Structure formats: C-alpha cells, structure tokens
Amino acid sequence: MIEVININKSLFFGILNLNEFSIEYKLSSKREIESKGKEFLIRSLLNDNAEVCYDDKGKPHLVNDPRQISISHSHDKLAVIVNEHESTGIDIELIRDKVLKIKHKFLTATELLEANEDVEKLLIYWAAKETLYKIYGLKEVDFIKNLFVNPFTKHKLGSIIGEINIPEFKESFELNYQILENYVLVYALKKL
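Calculation rules
Residues numbered from 1 in each chain as written. Predicted model: local features only at pLDDT ≥ 70, side-chain atom pairs only at ≥ 80, totals over all residues. Heavy atoms only, no water. Helix = DSSP H or I, 4+ residues; strand = E, 2+ residues; numbered from the N terminus. Rg over C-alpha atoms; globule rule 2.2 N^0.38 Å. Buried < 20%, exposed > 50% of the residue type's maximum accessible area, 1.4 Å probe, protein only. Contact = heavy atoms within 4.5 Å. Phe/Tyr/Trp six-rings, centres within 6.5 Å; stacked < 30°, edge-to-face > 60°. Lys NZ or Arg CZ within 6 Å of the ring centre and 35° of its normal. Pairing = 2+ DSSP bridges. Axes fitted to C-alpha atoms, helices over the stretch in contact; angles between N-to-C directions. Core = buried A, V, L, I, M, F, W, Y, C linked by side-chain atoms within 4.5 Å.

J.: Any chance you could explain the overall build of the protein chain here in plain terms?
T.: Helix and strand counts for the protein chain stand at 5 helices and 11 strands. Here the C-alpha atoms of the protein chain give a radius of gyration of 16 Å, agreeing with the 16 Å that 2.2 N^0.38 yields for 192 residues. Dimensions of the protein chain, computed from C-alpha atoms along their principal axes, come out at roughly 45 × 35 × 30 Å. By residue count, 47% of the 192 residues in the protein chain fall in the buried class. For the protein chain, long-range pairs separated by at least 24 residues make up 47% of all intrachain contacts whose partners lie at least 6 apart in sequence.

Below, the structure written as structure tokens:
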C-alpha cells in the first residue's frame, strides 16, 4: 500500500496507493480518501504526531517541525516528500494524452520542440514545472516565463535541471524523475 524511498538521510518520499487505502479503511468519498490518505502517509513517513498546516499561499508545512514537505496526488496515487534542509517539491501525474491539448500553456517554444508529441516527456516537463512551482511556494508564477527545464533524453528514470527565474528569486535545482507503470513522478533532489 505504501512505498517509501530514501534518497539520502535527509531526503525521502512515500507513495500511497489510494485505491488500496480506501478499500482497507472502507472509505468511498474522494475527498475523504485524499484527506485521510494524506494524514496516513505523512504520519507513516514521520510519526503519529505529525500534523500539516497550510500557509496563506496554500503551501503545506509541518506543525512544530522544521522539515519541509510537498504533497501531490493524481487519481489513485498520493506522494509526499520530506526534506530536512530546504524547500522541496514533488509531483505525480497519471500518463494521459490530455497533456497534448495544453502543452502550449506551460512550455516555452524550445521546450515544445524538445518534447514534441511524446506524452511521457510532456508530462515530465509538466511535473518538473509543478515541482518548481511548489518549491517556490508563492503565487504569481508564469510556467512559460518563470519556470524552465533543460533539455533531456528520456529514460525510465533520470535527472534534469530546472530553474525558477523570477526577478526576486533565481535558483536552479536538480530534479529526479521516474516513469512508474502509468505515472510520471518528479521530485526535487537539491538546490544547485
């Protein structure tokens, strides 16, 4: 039901299968499954007292705990990442060709050429930009003008460089991605 991946001693994430979770805990409401699933996964990763609050921009934080977290869910998967040292981000996306219709809304001209019609690659770009957005944690971000992903060769798992470029915030990050069955997962590895 839960898969936990330890990247290093200060960075780890977990993925919860919401379908299995809902059956085991006899839940049927989508909202309740996601809410209770998030609590369950966070407490499983950290401890039974772990509690999440959200700032005025909607970014999640742990109550009375300096570690940074990020949360993502898509269909029957929920992912939570914990970083002990810096702001973090994670995004999980079900692989669907729906991304072909919206690619022009989040990719630069260079990124559009690079990804072409490759649905998995487009979703890696999308999830990478979502991850960067979550790291930044503030609103008013244009995915085309402020978030950039360097060209990459797609594999089942790999590393890419993403950049947040806003006048008051310019940072680059190493992001890891994985293609897991019918999902794409991207998470922040470290600030460069």
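Having seen it, we continue.
J.: Teacher, can you tell me more about the environment of Tyr25 here?
T.: Residue placement: Tyr25 occurs in the loop between α1 (18–24) and α2 (30–45). Exposure remark for Tyr25: the relative accessible area of 40% places this residue in the partly exposed category. Considered as a pair, Tyr25 and Lys154 are 129 residues apart in the sequence and their alpha carbons are 37 Å apart. Setting aside residues up to four positions removed in sequence, Tyr25 forms contacts with Met1 and Phe40.

J.: What's the story with the packing of aromatic side chains in this structure? I'm lost.
T.: Any two aromatic rings considered together are summarised by their centre-to-centre distance and by the angle between their planes. Overall, the coordinates contain 10 aromatic pairs when judged by the stated rule. Taking 5.2 Å as the distance between ring centres and 50 degrees as the angle between the ring planes, the aromatic pair formed by Tyr125 and Phe152 counts as tilted. Note that Tyr125 is positioned in helix α5 (residues 119–136) and Phe152 in the loop between β8 (147–149) and β9 (157–166), a separation of 27 residues in sequence. Phe152 matches Tyr125 in its accessibility class, with the two residues each being buried. Above the ring of Phe152, the side-chain terminus of Lys121 is found at 4.9 Å from the ring centroid.

J.: It is not clear to me how the sheet that holds β9 should be interpreted in this structure. Could you clarify?
T.: Within a sheet, neighbouring strands are paired by backbone hydrogen bonds and run either parallel or antiparallel to one another. If you walk across this open sheet you meet the 5 strands as β7-β11-β10-β9-β8, and the pairing is antiparallel. Whereas interior strands pair on both sides, the edge strands pair on one side only; in this sheet they are β7 (90–94) and β8. Recorded for the sheet is a direction-independent mean angle of 25 degrees between the axes of neighbouring strands. Here 3 bridges tie β8 to β9, and the two strands are oriented antiparallel to one another.

J.: Looking at this structure, I do not really get the side chain of Lys38. What am I missing?
T.: Topologically, Lys38 is positioned in helix α2. Excluding anything up to four places from it in sequence, Lys38 contacts Tyr54, Ile71 and Leu78.

J.: Where do I start with the nonpolar core in this structure?
T.: Generally speaking, soluble globular proteins have nonpolar side chains that are buried together. With 29 residues, the main nonpolar core has Ile124, Ile160, Ile164, Leu175 and Val186 as its most contacted residues. Among the elements of the structure, α5, β8, β9, β10 (169–180) and β11 (183–191) are those that each provide at least two residues to this core. If you tally residues by element for this core, the top one is α5, at 10 residues. Setting aside residues up to four positions removed in sequence, Ile124 forms contacts with Phe152, Lys154, Ile160, Tyr177, Ile179, Val184 and Val186. In terms of nonpolar packing, the next biggest core, distinct from the first, is built from 17 residues, Leu16, Leu41, Ile69 and Val80 among them.

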